[in-house]
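Coordinate inspection notes
Next come the chains, spelled out residue by residue.
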Amino acid sequence: MPTIGIDSVSAYLPGYRLNQGLAAELAVPPELPLAAPDEDGLTMAWEALRHLDVTEAPLVLRVPGGDLEPRAVAAHLATSGPLRTPSAVLPLSARTGATAALTAAPGGVAVLADHGRPADPADPPSPDGALALRLGTGRAAEILAVETLPVLAYDRWRDTEPTGPPDPRFVEETLLATDGGELLDRLVKRAGRTRDDLAGVVLSACVPVRAPRWAARWQVPAVWTAGPEYAAGRLAAATLRTAFERLVAAGPGSLVAVLELGWGGDALLLRAGPDIAETVRIEARASLDEYGYRLWTRTLSTSDSAMWTSPAKLRREAPALVGLTGTRCATCADVAFPPRHTCDLCGGTDLAPTELARTGTVVSHNLDRLFAAPDRDVQMVVVDLDGGGRFFGQLAAGSSRWAEVDDRVTLALRRLHDGGDLPHYFWKAVLP
Ligand SMILES: [Zn+2]
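Quick caveat, the model's predicted, so the values are computed rather than measured. (Residues numbered from 1 in each chain as written. Predicted model: local features only at pLDDT ≥ 70, side-chain atom pairs only at ≥ 80, totals over all residues.)

If you look at the biggest cluster of nonpolar residues, it comprises 112 residues, and the most contacted ones within it are A45, V111, L112, A130 and A257. Residues from two domains meet in this core; each of domain 1 (4–300) and domain 2 (311–430) gives at least three. In this structure L112 touches R62, A98, A101, A130, L131, A236, A237 and L240, once residues within four positions along its chain are discounted. (Core = buried A, V, L, I, M, F, W, Y, C linked by C-beta atoms within 7 Å. Buried ≥ 20, exposed ≤ 12 C-beta atoms within 10 Å, placed from the backbone. Domains from an automatic or database assignment. Contact = placed C-beta atoms within 7 Å.)

As structure tokens, this is what we get:
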């Protein structure tokens, strides 16, 4: 196969953390990255995409979340900026692995988000995050080979009890020893390489695996997994992020294989490009050990789903609100947001749409104790945007402190509320 170039990579890791007591109780690593209550698959995709320099491209989306419509995601990404014109959108199911997502987007942009919340608050949450990449030149990396191994495997998920749960150890042995070994051999052979050429293998299997054991068994320098054991097989963004982190560490020319196993498997062979260090960007939001997790999982199931606004009003106003577009007065040059028909300052009516800056300075704030936020009071801020225009809205959830006058902030797209059973998004102020 011809090699597929990867031009640049951008990953986003949210900053919420469980507090230590709850992390211990749920048996999860305390450093587990979790989306804030106002983040979801869409907003994390937005965060990952905004550092890629793309305007128009076919888009492949793997954004889990029961209430997210793929076309709504694409519309928000297009209106709010990071990808101005998605020329075609290929939505992928939340079960799509990293290999399939990457190879489905030749010449375009692939966005993968891991996002979920356990239905039962007593279950551990899996790590959240997103990764976006642009295909094109091989500055960041190249896909040297892709292999897939479809396998019929009806009976082998269970050991003795026909109705019992799958036995992870049994599955690990059959899955990794047979399918994994065969897939890895076929992958390196297809690229004219051997296992000795690899810096290591990133492994995502549908069961927890003992990685060091498989490094020895497969005779490769290292086997890495992404995320904790109980999230096995569910993480596509984290799997690819791990592969790119390893390629950066191993340097230009190094080879990392990605193996995704379960009912056979898919595999990728990645080679680090000449500019791997400069073209892979991983943004981890500063961690915050303050989390109303229990309260939030309870709140999620409540019916905050009354229609907040009319469809007509939404259609009229949403493009300018989500697009962060205001108006500039031709007479006195005042910039207003939301857009006006008449200038607030001079009464002029010659107003033209103007795109607003996404950075600014806090000029006023107060606390809203009535907004239905799951974790704590919501701070409302007034921000004078650079280049004109005044923004009034919430401070993003997961901020490490309250905003103060003269704080510099950035605006980011976040989840505002649910209405009519659909999530609604608006800009919020984020402290550095
Ligand atoms: Zn004016």
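From this point on, the discussion continues.
An order of β13-β12-β14 is seen for the 3 strands of this open sheet, with the pairing classed as antiparallel. Either end of the sheet is taken by a strand with one partner, and the two such strands are β13 (335–336) and β14 (351–355). Pairing of strand β12 (residues 325–329) with β14, which is carried by 5 bridges, proceeds in the antiparallel orientation. Paired with R328 across the strands is A352, a residue of β14. (Pairing = 2+ DSSP bridges. Helix = DSSP H or I, 4+ residues; strand = E, 2+ residues; numbered from the N terminus.)

Confidence in the prediction of the protein chain, expressed as mean pLDDT, is 87, and 90% of residues score 70 or more. Confidence, expressed as mean pLDDT per element, reaches its minimum in the protein chain at helix α9 (residues 293–300) with 61 and its maximum at helix α7 (residues 237–250) with 97. (pLDDT = per-residue confidence, 0-100.)

Now for the environment of A94. Position of A94 relative to the elements: it lies in the loop between β3 (85–91) and α4 (98–103). For the pair A94 and R62, spaced 32 residues apart in the sequence, the C-alpha separation amounts to 5.9 Å.

What follows concerns the pairing of strand β5 (residues 129–136). For β5, a buried count of 7 out of 8 residues is recorded, marking the element as mostly surrounded by other parts of the structure. Note that strand β4 (residues 109–114) and β5 share 6 bridges and pair antiparallel. Across the sheet, the residue bridging to V111 is A132, located in β5.

The subject of this paragraph is unusual backbone geometry. In the segment running from F337 into P338, the intervening peptide bond is cis, with an omega of -5°. Mapped onto the fold, P338 is located in the loop between β13 and β14. In this model, L324 sits at a positive phi of 50°, which is unusual for a non-glycine residue. When you line up the elements, L324 lands in the loop between α10 (311–322) and β12. What makes L324 buried here is the crowd of 22 C-beta atoms within 10 Å.

The next point concerns helix α5 (residues 168–190). For α5, the principal kink sits at L176 and spans about 30°. Every buried residue belonging to α5 is among V171, E172, L175, L176, D179, G180, L183, L184, L187 and V188, and all of these are buried. Packing partners of the buried residues in α5 comprise β6 (141–150), β7 (198–205), α6 (211–218), β9 (255–261) and β10 (264–272). Looking one or two places after α5, you find G192, whose phi comes out positive at around 70°. (Bend = angle between axes of the 7 residues up to and from the residue.)

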